[in-house]
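Summary of the model geometry
Now for the letters of each chain:
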Amino acid sequence: MEKHLVIQDLNLSPAGEWQPDDCGWTVLRVVAGVGYALAENHVCELNADDVLIAGPGSKAVLRASQLGALRLEFFLVLPQCLNGVLTIMESKLLEKPLTSAGAALLHHPGREAVAQKLKRIAAQRQRDSLPLRSALLQFWAAAINSFLPPPETATGGSLQLRDRFRELVARLPVSELACASLPELAEKLHCSERHFSRLFREEFKVSLRVWQTSQRLQRASQLLTVSDTKIANVAKEAGYRHLGLFNAMFKRQFGMTPSAWRQKAGLAVAVYFLHLPGLMADAAELVMVCS
């Protein structure tokens with residue numbers, strides 16, 4: 001399974017290849033060697049201290065030079081794991097694949113201040129500490145800020161109700177919207193509960209209750225994957241007082257019980273590391289053609 005905000009090492013043998021996961025954002029730094037990054041028709045050369053940021057759906061492939069090995073450090077940022085940090089609109093923008101191949105890859109040469117900053121962050125000794133994770137998150141947020149639209153401001157007069165609704169959900173963190181009651185949200189918007197429900201369904205294509213249930217269960221699945229917290233405590237974290245109801249809702253959402261999900265996640269980690277050498281050796285046709 002993917003590791004969120006954890007620096008990992010990667011060594012590619014000469015002409016070796018590797019493809020970042022498409023489920024989130026990959027931020028990598030070249031420690032030593034020369035390589036290439038390709039995403040559709042976008043190609044860039046990678047040298048020592050260079051930083052590359054690959055967005056969702058970039059389909060990027062990294063390849064070491066045929067003349068030598070390529071040493072990399074990288075970390076993943078999974079927007080779906082940033083409940084309470086990202087607003088609803090930010091989550092929608094940053095989780096979906098980027099449509100432009102050029103925009104899907106951000107390249108910073110090693111001499112730039114951005115690349116030097118990541119080098120200093122990665123030099124910290126404790127690879128899984130809170131200060132380091134915070135620094136990595138801040139680095140990523142600053143680097144991809146250009147993908148986010150500037151805050152909208154009223155051009156005069158009062159905003160229409162629909163505009164005020166979008167402004168409200170745009171500034172609310174996912175975790176807060178997932179736990180708020182309909183009366184609370186309607187009061188924030190100064191409208192009736194029925195009107196808020198209609199606006200929400202028109203904007204998100206599902207009812208508020210269905211959306212909140214999905215978000216809570218998604219959060220539960222993340223906790224089951226990345227922690228050993230007791231399932232009963234995960235259920236409480238997801239807003240379920242009764243474990244039986246949580247188990248039933250989780251199985252309806254994901255097709256398996258919480259315990260089966262956790263077991264599958266553990267097996268996925270073991271299989272990933274068992275087959276990692278073979279995965280790195282698999283060549284992408286695009287890279288072979290372009291080289």
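Everything quoted here is computed from the prediction, not taken from an experiment. (Residues numbered from 1 in each chain as written. Predicted model: local features only at pLDDT ≥ 70, side-chain atom pairs only at ≥ 80, totals over all residues. Heavy atoms only, no water.)

A word on the sheet that holds strand 9 (residues 105-108)
The strand order across the open sheet formed by five strands is 1-8-3-6-9, and the pairing between neighbours is antiparallel. Looking at which strands have only one partner, the edges of the open sheet turn out to be strand 1 (8-12) and strand 9. On average, each strand axis in the sheet is inclined to that of its neighbour by 25°, with strand direction left out of account. Direction of pairing for strand 3 (residues 25-32) relative to strand 6 (residues 51-54): antiparallel, over a ladder of four bridges. What sits directly across from Arg29, in strand 6, is Val51. (Pairing = 2+ DSSP bridges. Helix = DSSP H or I, 4+ residues; strand = E, 2+ residues; numbered from the N terminus. Axes fitted to C-alpha atoms, helices over the stretch in contact; angles between N-to-C directions.)

A closer look at the packing of aromatic side chains
In this description, an aromatic ring pair is defined by two values, namely the gap between the centres and the angle between the planes. Enumeration according to the criterion identifies 13 aromatic pairs in this entry. Judged by centre distance (4.8 Å) and plane angle (45°), the rings of Trp18 and Phe74 are tilted. One end of the pair, Trp18, is in strand 2 (residues 17-18); the other, Phe74, is in strand 8 (residues 70-77), and 56 residues separate them in sequence. Across the pair, exposure class does not vary: Trp18 and Phe74 are buried alike. A centroid spacing of 6.5 Å and a plane angle of 25° characterise the contact between Phe196 and Phe200, whose relative ring orientation is stacked. Taken together, the residues Phe196 and Phe200, both in helix 7 (residues 193-204) and four residues apart, mark about one turn of the helix. According to the relative accessible area criterion, Phe196 is buried, its value standing at 0%. Pairwise contacts between aromatic rings join Phe165, Phe196, Phe200, Phe204 and Trp211 into one cluster. (Phe/Tyr/Trp six-rings, centres within 6.5 Å; stacked < 30°, edge-to-face > 60°. Buried < 20%, exposed > 50% of the residue type's maximum accessible area, 1.4 Å probe, protein only.)

Here's the deal with the nonpolar core
Among the nonpolar cores identified, the biggest contains 24 residues, and Val27, Ile53, Phe75, Leu136 and Trp140 are the most heavily contacted of them. Of all the secondary structure elements, the ones that give two or more residues to this core are strand 3, strand 6, strand 8, helix 2 (113-122) and helix 3 (130-143). The element that contributes the greatest number of residues to this core is helix 3, accounting for seven residues. Residue contacts for Val27: discarding those within four places in its chain leaves Val51, Leu52, Ile53, Glu73, Phe74, Phe75, Leu118, Phe139 and Trp140. Of all hydrophobic cores here, the second largest spans 20 residues; its members include Val174, Leu177, Ala186 and Leu189. (Core = buried A, V, L, I, M, F, W, Y, C linked by side-chain atoms within 4.5 Å. Contact = heavy atoms within 4.5 Å.)

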